Amino acid sequence: MTLFSLARKNIARNFSQYFLYIASMVFSIVIYFTFVTLKYSDTIAEKTASSQKLDSLMSGAAVILIFFVAIFIAYSNSFFMKKRKKEVALYALLGVRNRQIGFMLFFENLLLGLVSLVVGIVLGFLCSKGFMTILIHLMGYDVIAPFTFSGSAALNTAIVFLIIFLVTSFQGYRLIYQFKLIDLFHASKKGEAAPKSSMIVAILGVFLIVIGYWLAMQDLFTSKVWEKVGFLMTALIILTIVIVGTFLLFHSVTGFVLAVIKKSEKWLWKGLHLMTISQLLYRVRGNARTLTVIAVLSATTVTAGGAVYSLYYNTNDLVKTTNPNTFMYQQTDAKSDKQVSTVLSDTKYDENIEALSVTFNTKELNSASAYDSSDKRIYTVINEKTYNKLAAVQHKEKLHVNNDNAVILDIGYDKRFSPKYKGKIITTENNNAITFQSFKTQTVLNAGTTSITVVVSNDQFKALRKDGEALKYRVIGMDQASTDLSKKIAKQLPEEALFSSAPQDFQTSIEGVGSLLFIGSFLGLVFLAATGSIIYFKVLTEAEEDKPQYNMLHKMGVSAKEMRKSIASQVFVIFFVPLVVGLLHSAVALKAFSSLLMLDLAKPVLTWMIAYTVIYGLYYILTVASYNRIISQNNKTEG
């Protein structure tokens, strides 16, 4: 029997244990192959206006994926090597030379990688149509993508993953040379050293996390800490102290909580609670590094995915805020208006309005926090009648403006650094003074055409005619409008018409955010698969170590139901404690993100968190089932 055939038989015999590892690698290869395929896709280049930008995003995502998958494969491989140490020792004891054992492990790992690579590329090809269609749909296009096989993508994928598999296979080859024979035999009995709890360490861990949260919740624009330390340095400090605090949390804080629970004797002596708590005390502390990695990965995945999904979710509302009219342009000549009219059909409203472009002295609006501190600003001025006419068709509240007063429409208003409008006075070059009675964060004119708009009374508008340039705008509202119609209208207008289009702006925004959502979602799924797999391997390694204990309980007459309940409780804590910590980290990060963008992200973020938790929960169910199967089979075998 050759070493290669022995390696092949080992894989076949242990396939059920390798399955999740292979599945995670295959999924990673499918995603990488998909990203590279999309990069080379002619369909994407033809259908989207931002294909070059998408190429860069896909390339960046592929690099992140390579880095992460390499770490994941190396990490997972180390678990399998630990499990195989006793088997390796038996080979050595039977007289098989170290070099032959090393080559067997090398071939075994390489064969696993090659199988995963072939399956991943084949599945990537079969799924490419679906993935490409999802991407195009997220980018706002209603197109069914064709099947695409890219030889360049397949070669790229093969080279990258073969290098990774060769490195991890060499890791397996070196195993026999790294340990003495006696160490290999007792490897399964050696767990990670369980650190002792320390009150000081526990307090320090909680303190670091609280400090990290406090820094993250500080306003980026007004915080003295962010200003003095600097943006990049502060962000790095937050990341570092939260990760360290998380490690210390699992190192000591959870140990204290479990120790307190252990003191409840009435509860402790029911069922297998004593055994469950005792094992958890060891495993939560002993696996502090692994649990920290899981919590940080979960936080990263949920934060990045939640942020991108929130932007995608709010894209339509942001475009409507900026462009309340479907189309708007500055009228330059009657001929262009007629040409536009021939293109239009089924409009809700089509209004010609009069406005003024007035330069105001705005020194009184200046403040230390304002980014625009110029003494003069140009505003578009409309009268109350025009505002209310457009407000009626746009389903907005009517406005009443007192004489010599005004209401400013500033959709970009931010109380942290925007001017304090109410009660402030601005004057024209001819000393016509206007007092702001209020401000609104909505507008009735497209911001891309008119920028910030000021609403004055009808009489005041007449008085301001001599101070500004008279302008005429055409505003159009439609229930259904496409980017094709937008392009047709744009062709009829000169560049100085300042044409703004809600459909075009929406398409541009959705393309960018949709591609980010696609990349973020699939990278998040890879991270989630790897996260679940890491815990799965870790727990099943411990299940092998626990077989004698559960077999003893079985012989003592403990029911299978009680053992399943104990197993489910232990695995639940190992799975969901880091998840809860990770979700808490991401909730704070996303709260800071929502404050920065002044958006309500509660609904999209909650949706993303629930989706992540549900998929993560499937790994929990699979792990518990595998753990129970290992214990029950051992009990049947041992009697």
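Above this text is the structure in question.
Reading the values: rules and limits
- Residues numbered from 1 in each chain as written.
- Predicted model: local features only at pLDDT ≥ 70, side-chain atom pairs only at ≥ 80, totals over all residues.
- Heavy atoms only, no water.
- Helix = DSSP H or I, 4+ residues; strand = E, 2+ residues; numbered from the N terminus.
- Buried < 20%, exposed > 50% of the residue type's maximum accessible area, 1.4 Å probe, protein only.
- Contact = heavy atoms within 4.5 Å.
- Phe/Tyr/Trp six-rings, centres within 6.5 Å; stacked < 30°, edge-to-face > 60°.
- Axes fitted to C-alpha atoms, helices over the stretch in contact; angles between N-to-C directions.
- Parallel < 35°, antiparallel > 145°, perpendicular 65-115°, else oblique.
- Left-handed = near helix turned anticlockwise from the far one by under 90°.
- Nonpolar A, V, L, I, M, F, W, Y, C, P; charged D, E, K, R; others polar.
- Salt bridge = Lys/Arg side-chain N within 4 Å of Asp/Glu carboxyl O.

S.K.: Sorry, what's going on with the overall build of the protein here?
M.R.: When helices and strands are counted, the protein shows 22 helices and 9 strands. In the protein, buried positions account for 49% of the 639 residues. The contacts in the protein between residues at least 6 apart in sequence include a share of 83% that link residues at least 24 apart.

S.K.: How should I be thinking about the packing of aromatic side chains in this particular structure?
M.R.: Think of a pair of aromatic rings as described by two things: how far the centres are apart, and how the planes are tilted against each other in angle. Taken as a whole, this structure holds 18 aromatic pairs when the rule is applied. On the numbers, 6.1 Å between centres and 50° between planes, the contact of tyrosine 421 with phenylalanine 439 is tilted. Highlighted residues: tyrosine 421 in the loop between strand S4 (405-409) and strand S5 (425-428) and phenylalanine 439 in strand S6 (residues 433-440), separated in sequence by 18 residues. When its relative accessible area of 3% is taken as the criterion, tyrosine 421 is described as buried. Owing to a relative accessible area of 31%, phenylalanine 439 belongs among the partly exposed residues under this scheme.

S.K.: Honestly, the packing of helix H21 (residues 560-597) against helix H22 (residues 602-638) in this entry has me stumped. Any pointers?
M.R.: When two helices pack together, you describe them by how their axes are tilted relative to each other and by the distance separating the axes. As a packed pair, H21 and H22 sit with axes 9 Å apart at the nearest point and diverge in direction by 160°. As summarised for this structure, H21 and H22 are arranged roughly antiparallel, according to the angle between their axes. At the point where H21 passes H22, the crossing takes the right-handed sense. Class assignment for the residues of the contact of H21 with H22 results in 21 nonpolar, 6 polar and 1 charged.

S.K.: What is the right way to look at the pattern of salt bridges in this model?
M.R.: Should the charged atoms of two oppositely charged side chains come close, the side chains can pair. Under the counting rule described, the total for this entry stands at 5 salt bridges. Where lysine 389 meets glutamate 351, a salt bridge forms, and the shortest distance between an N and an O atom there is 3.6 Å. Taken together, the residues span a long stretch of sequence, with lysine 389 in helix H16 (residues 384-393) and glutamate 351 in strand S2 (residues 347-361) at a distance of 38 residues. For lysine 389, a relative accessible area of 37% gives the class partly exposed. Residue glutamate 351 is classed as partly exposed on the basis of its relative accessible area of 23%.

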